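Coordinate inspection notes
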Amino acid sequence: MTAILSEETKMRDQIASVGKSLFDRGLTFGSTGNISARLTTGEMLMTPTNASLGSLEPERLSRFSAEGVWESGDNPTKEAFLHQCMYCRRTMSGAVVHLHSTHAVAVSILDGIDPDDVLPPLTAYYVMRVGTLPLVPYYPPGDASLAEAVAEKAADNHAVLLANHGPVVAGKTLLDAQYATEELEETAKLFLLLYGKPVRPLTPAQAAGLNAS
Ligand SMILES: [Zn+2]
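Values in this document were obtained by computation on a predicted structure and should not be read as measured data.

Let's shift gears to the environment of serine 21. On the secondary structure map, serine 21 appears in helix H1 (residues 2-24). Looking at serine 21, the relative accessible area reads 26%, which means it is partly exposed. In the structure, serine 21 is positioned 138 residues away from alanine 159 in sequence and 20 Å away in space, judged by C-alpha atoms.

Right under this line is the structure:
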């Protein structure tokens, strides 16, 4: 019992610390963005609705049962279903990060991007941390069709980009999900810096030689 409590306490602190780090570096703003993590017991912790990731209180995080029922803590984010869609299709994932980060959102609004894989393999670390990034069509927030569309893409991808909205990224650990989200955002920034210029992404052979995480 002590070990279980200890894991939960550590995870609550880590979610608050990752949230502050993302907020302080401008990767999220206002009360946008949300973070969740799954405990080894199957229960899930999630950031609450209307909470700034910059000032999360660990003891107030929303807590869900292993069956996905909200049990305690503040009211969960209205985007809880995005996290649940990822976990239900990715049983090995231990955490999910969803942001409205500026460069990734900008790319999601560009006309003519490849909906099967939005960003080219510009760097090795992008290929290793993100890999393929499908675009999920736009649906209004809370639309049940958005949940279905995310679940469909999540079966084969740990990262998806919601059109005119932002990325949703799952990882084995919270740090994995955080780093992949940051790599995605920085690569979106590179993509915009290079937009309209001749570019030389990694070749298929170079990309295939890397171990996608
Ligand atoms: Zn969102």
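Next up on the list: the pattern of salt bridges. This model, assessed by the stated rule, comprises eight salt bridges. For aspartate 24, the salt bridge is made with lysine 20, and the minimal N-O distance between the two is 2.6 Å. Placement of the pair is aspartate 24 and lysine 20 together in helix H1, with a separation of four residues, close to one helical turn. Overall, the relative accessible area of 42% leaves lysine 20 in the partly exposed class. One salt bridge connects arginine 25 with glutamate 182, and the closest N-O pair in it is separated by 2.6 Å. Of this pair, arginine 25 sits in the loop between H1 and strand E1 (34-38) while glutamate 182 sits in helix H6 (residues 174-194), placing them 157 residues apart in sequence. Owing to a relative accessible area of 44%, arginine 25 belongs among the partly exposed residues under this scheme. Judged by its relative accessible area of 16%, glutamate 182 is buried.

When we look at burial in helix H3 (residues 102-109), the residues that qualify are Ala104, Val105, Val107 and Ser108. Summarising the axial view, the buried residues of H3 lie within an arc of 160°, below the 170-degree limit, and thus occupy one face. Along its buried surface, H3 packs onto strand E6 (135-136), strand E7 (159-162), strand E8 (166-171) and H6.

Basis of the calculations
Residues numbered from 1 in each chain as written. Predicted model: local features only at pLDDT ≥ 70, side-chain atom pairs only at ≥ 80, totals over all residues. Heavy atoms only, no water. Helix = DSSP H or I, 4+ residues; strand = E, 2+ residues; numbered from the N terminus. Buried < 20%, exposed > 50% of the residue type's maximum accessible area, 1.4 Å probe, protein only. Salt bridge = Lys/Arg side-chain N within 4 Å of Asp/Glu carboxyl O. Arc of directions from axis to C-beta. Contact = heavy atoms within 4.5 Å.

Interpretation note: all reported values are geometric properties and have no functional meaning in isolation.
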